[in-house]
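Here are the chains, one letter per residue:
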Amino acid sequence: MINYSLKILASLLLLVPLLSTADTNINWKKINTHISEEIKTGQGAWFSKQKGNILISSGVASATAPFIAENLIAEISASSEIRVLSDEGYTRATLAVKDGNRSFAATSSYKNATIVIGGIHNNKASAIVNYLVWQTATKSFTSYALPPLPQTAISPSAVIIDESLYVLIGSDAGNSFYTLDLKNLTNSQGEFIEISNAVTPSWSKLATLPLENATASYINGVQLVVQNDGAGKKIFALGGYSLKNSPEQVGYDILPVNMLWKFDPTENVWHTQDKIAFAKQNLKEQINTVSALGQSHILAFTSLGKTLSYNAITNSWAQYNQLNADKNLTDDAFISKNILTVGKNIYSLNQSTRAVTELTLWQVIPEQLKRDFGWVNMTVLVVYLLCVVLVGLFFVFKNKNTDDYFRGGQSIPWWAAACSIYATMLSSLTYVALPAIVYQTNWLLLIGIWMIIVVAPIAVYVAIPFFRQIDATSAYEYLSKRFNMSVRLFASGLFTLFHICLLYTSDAADDLLC
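Residues numbered from 1 in each chain as written. Predicted model: local features only at pLDDT ≥ 70, side-chain atom pairs only at ≥ 80, totals over all residues. Heavy atoms only, no water.

1. Some words on the sheet that holds strand β12 (residues 140–146)
Then step 1. If you walk across this open sheet you meet the four strands as β7-β8-β11-β12, and the pairing is antiparallel. Two strands lie at the open edges of the sheet, namely β7 (106–110) and β12, each paired on one side alone. On average, each strand axis in the sheet is inclined to that of its neighbour by 25°, with strand direction left out of account.
Then step 2. Bridge analysis of β7 against strand β8 (residues 113–117) gives five bridges, and the strand direction is antiparallel. When the sheet's bridge partners are listed, Ala-106 is paired in β8 with Ile-117. (Pairing = 2+ DSSP bridges. Helix = DSSP H or I, 4+ residues; strand = E, 2+ residues; numbered from the N terminus. Axes fitted to C-alpha atoms, helices over the stretch in contact; angles between N-to-C directions.)

2. Looking at a nonpolar patch on the surface
Then step 1. A contiguous nonpolar patch, built from Trp-443, Leu-444, Leu-446, Ile-447, Ile-449, Trp-450, Met-451, Ile-453, Val-454 and Val-455 and spanning about 1000 Å² of accessible area, is present on the exposed surface.
Then step 2. As for its position among the elements, Ile-449 is in helix α8 (residues 446–470).
Then step 3. Since its relative accessible area comes to 31%, Ile-449 is described here as partly exposed. (Patch = residues over 30% accessible without salt bridge, like charges linked within 9 Å, V, L, I, M, F, W, Y side chains within 5 Å. Areas by Shrake-Rupley, 256 points an atom, 1.4 Å probe, with all protein chains shown as cover. Salt bridge = Lys/Arg side-chain N within 4 Å of Asp/Glu carboxyl O. Buried < 20%, exposed > 50% of the residue type's maximum accessible area, 1.4 Å probe, protein only.)

3. Quick notes on the sheet that holds strand β17 (residues 218–220)
Then step 1. With antiparallel pairing, the three strands of this open sheet are ordered in space as β17-β20-β21. Unpaired on one side and paired on the other, β17 and β21 (254–256) mark the two borders of the sheet. Averaged over all pairs of adjacent strands, the angle between strand axes in this sheet comes to 30°, irrespective of strand direction.
Then step 2. Bridge count between β17 and strand β20 (residues 241–243): three bridges; the pairing is antiparallel. Considered in β20, the bridge of Asn-220 is made with Tyr-241.

4. Describing the nonpolar core
Then step 1. Membership of the largest hydrophobic core comes to 23 residues, with the highest contact counts inside it found for Ile-115, Ile-117, Tyr-131, Leu-149, Leu-165, Val-167 and Trp-203.
Then step 2. Counting residues per element, the ones that place at least two in this core are β7, β8, β11 (129–135), β14 (164–168) and β15 (177–181).
Then step 3. Excluding its chain neighbours within four sequence positions, the residues that come into contact with Val-167 are Ile-117, Leu-149, Pro-156, Ser-157, Ala-158, Ser-176, Phe-177, Tyr-178 and Trp-203. (Core = buried A, V, L, I, M, F, W, Y, C linked by side-chain atoms within 4.5 Å. Contact = heavy atoms within 4.5 Å.)

5. A closer look at unusual backbone geometry
Then step 1. Phi is positive for Asp-162, close to 50°, though the residue is something other than glycine.
Then step 2. Here Asp-162 shows up in the loop between β13 (157–161) and β14.
Then step 3. We note that Asn-175 has phi near 55°; this positive angle belongs to a residue other than glycine.
Then step 4. Tracing the backbone shows Asn-175 in the loop between β14 and β15.

6. Describing the side chain of Ser-242
Then step 1. Within the secondary structure layout, Ser-242 lies in strand β20.
Then step 2. Overall, the relative accessible area of 9% leaves Ser-242 in the buried class.

7. Things to note about the pattern of salt bridges
Then step 1. Evaluated as defined, the whole model comprises six salt bridges.
Then step 2. A salt bridge links Asp-229 to Lys-262, with the nearest nitrogen and oxygen atoms 3.0 Å apart. Linking Asp-229 in the loop between β18 (223–228) and β19 (233–238) with Lys-262 in strand β22 (residues 260–264), this pair joins segments that are 33 residues apart in sequence. As far as burial versus exposure is concerned, Asp-229 and Lys-262 are alike and both buried.
Then step 3. A salt bridge links Lys-306 to Glu-285; its shortest N-O distance comes to 3.3 Å. Taken together, the residues Lys-306 in the loop between β27 (297–302) and β28 (307–311) and Glu-285 in the loop between β25 (281–282) and β26 (287–293) connect sequence positions 21 residues apart.
Then step 4. Take Glu-285: its relative accessible area is 6%, and that puts it in the buried class.

The following block contains the structure:
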């Protein structure tokens, strides 16, 4: 009766941690007040990082809703200013539109520079591509011309993978997808090499973004982001908007794009994922901007102020809570229009309720609501350790010799021996490492786990009877009886050395992962 009660108690203690939850929240924090009041920019401003600095373009000077490139293409840029933030302070620099200060342009950080692609120039879509370098000493920009896009792009998106620049253009250019090799742009010191006709890189056209109905609507503003899906780096495309009518027509309706696509650079093929949905409902609002988070997640900020998280491995969506936002998530102060990740910090240009035509600088802080070990887990751990100590104290007085210590006096019941055999085939790797690998890749390793069922009968009917017959406490004792003590010591030494090396390689692998 006591043994039965202890089994029930142990089972309940193991299930208690399942009641613990760890929600992720999004905490919005304004940048230093005396700076943030100065850093206001127009709609369509781009955002980039370079040499520890944050670059913010000027955007559109005056704008009326809707704040999309097609509606604001006739507006003029706010100014020729670029704001540069650093640890030392805040700098205003000038940059001409043709040199990179274009509204609705795409940007990608590359080494110690910023690549600016497309956008609005002279009130029309541009194909200009600039390699922009901030000169800290002179507090000025140097802009180099890269090969222009094969097509003009009013609101493109761009990412970089392995020295290759990828650019997605909207329906204004047939939803084309291009790549540019960046390997020969810089020298070993990271300095830009002037492009000559002999080494001029050229754009290559890749697979076009597959739409459900390519002729049904006009799509633009789709965002690109790079994340690992467990099988390597992939390019994910999501967000943006569609227009029922042509941009040239008056009174066009704007609808959110709720599709998700994944591009494999090694295969040059797009894979259409499921529609963006969480809580069993399709997304009904526009995703304005996205950012990679951690090893497998993508943050997505919507037009209604929601923050969504996509797991690139499990292909699942979740919504993060707003820590200090108002209950009404449509508060414009938390509507991100552009996002930038600098190390562990995430910055956002948010639309303000006080002036909808301006964007202000905020910081985004993802936080785990509950990160401590907790009393529930601590209780389970303490009770488990006490049980282990009590079991040890109970059996310590029953050990009279080495046979009792190693083999329990050969009086262990069959069910206990069976549990011991099964436990011998398991380890912490089985519970920690293997699930992590399966989570990141696929279920292939499950075959190896099921092989325990195949191996166990061999151990029960072949190995154990053999060792009981020779009356040996271990395989090494058998080696000394079969051969000599030197062979026994050599085998045990190799086994010890194997585990020492295993510990070293495990620590090295942990360092690489960190």
